[in-house]
Amino acid sequence: MSDLLERLRGRGWRMTAQRRVVAEVLDGDHVHLTADEVHSRAVAKLPEISRATVYNTLGEMVSLGEVIEVATDKRAKRYDPNAHRPHQHLVCAQCGQIRDVHPSGNPLTDLPDSERFGFTISDVEVTYRGLCPSCATA
Ligand SMILES: [Zn+2]
Ligand SMILES: [Zn+2]
């Protein structure tokens, strides 16, 4: 369970109605929404919320480190509230659902020295792709 609202409150983030709605839309497990998806879900709860407010709020959550941006495909960036537990993504090539996954190894340290070209590596993003069970049987 992601507790985005609680985490943001704990950071002393000033909670307006707009910010709260964006945080509520993003709360939960395996949540990876584009800014447009966040906006349309936010509008359902708070009709007057503007696209600009949603974009700005998402940007602030990312700056605070409470939401991460993920790029699992060539389409829009997605916003992920699971910011504190390092994880990778498993994507269904058919329906596009995304799951948070935790490989048994550590992709950051698994790269051999001979493949590092002297780089100091600080981050890694792995995307596993395939078919989810319902797409595989369809
Ligand atoms: Zn699928
Ligand atoms: Zn994720």
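The paragraphs below set out a description of the structure included in this document. None of these values were measured; they are calculated from a predicted model. (Residues numbered from 1 in each chain as written. Chains lettered and ligands numbered in written order. Predicted model: local features only at pLDDT ≥ 70, side-chain atom pairs only at ≥ 80, totals over all residues.)

## Focus: the packing of helix α3 (residues 35–45) against helix α4 (residues 51–64)
The N-to-C vectors of α3 and α4 enclose an angle of 120°; their axes lie 10 Å apart at closest approach. Taken together, the axis directions place α3 and α4 in an arrangement best described as oblique. Here α3 and α4 pass one another in a crossing that is right-handed. On the side of α3, the interface is formed by A35, V38, H39 and A42, while α4 contributes R51, V54, Y55 and L58. (Axes fitted to C-alpha atoms, helices over the stretch in contact; angles between N-to-C directions. Helix = DSSP H or I, 4+ residues; strand = E, 2+ residues; numbered from the N terminus. Parallel < 35°, antiparallel > 145°, perpendicular 65-115°, else oblique. Left-handed = near helix turned anticlockwise from the far one by under 90°. Contact = placed C-beta atoms within 7 Å.)

## Considerations on the packing of helix α2 (residues 17–26) against α3
Here α2 crosses α3 at 120°, and the two axes come no closer than 9 Å. Here α3 runs oblique to α2, going by the angle between their axes. In this structure, the crossing between α2 and α3 has a hand that is right-handed. Between α2 and α3, the contacting residues are V21, V22, E24, V25 and L26 on the first element and V38, R41, A42 and K45 on the second.

## As for the sheet that holds strand β2 (residues 68–70)
In space, the 3 strands of this open sheet follow the order β1-β3-β2, with antiparallel pairing throughout. Sheet topology places β1 (33–34) and β2 at the edges, where each strand pairs with a single neighbour. Relative to strand β3 (residues 78–80), β2 runs antiparallel, the two being bridged by 3 bridges. Bridge pairing in β3 places E69 opposite Y79. (Pairing = 2+ DSSP bridges.)

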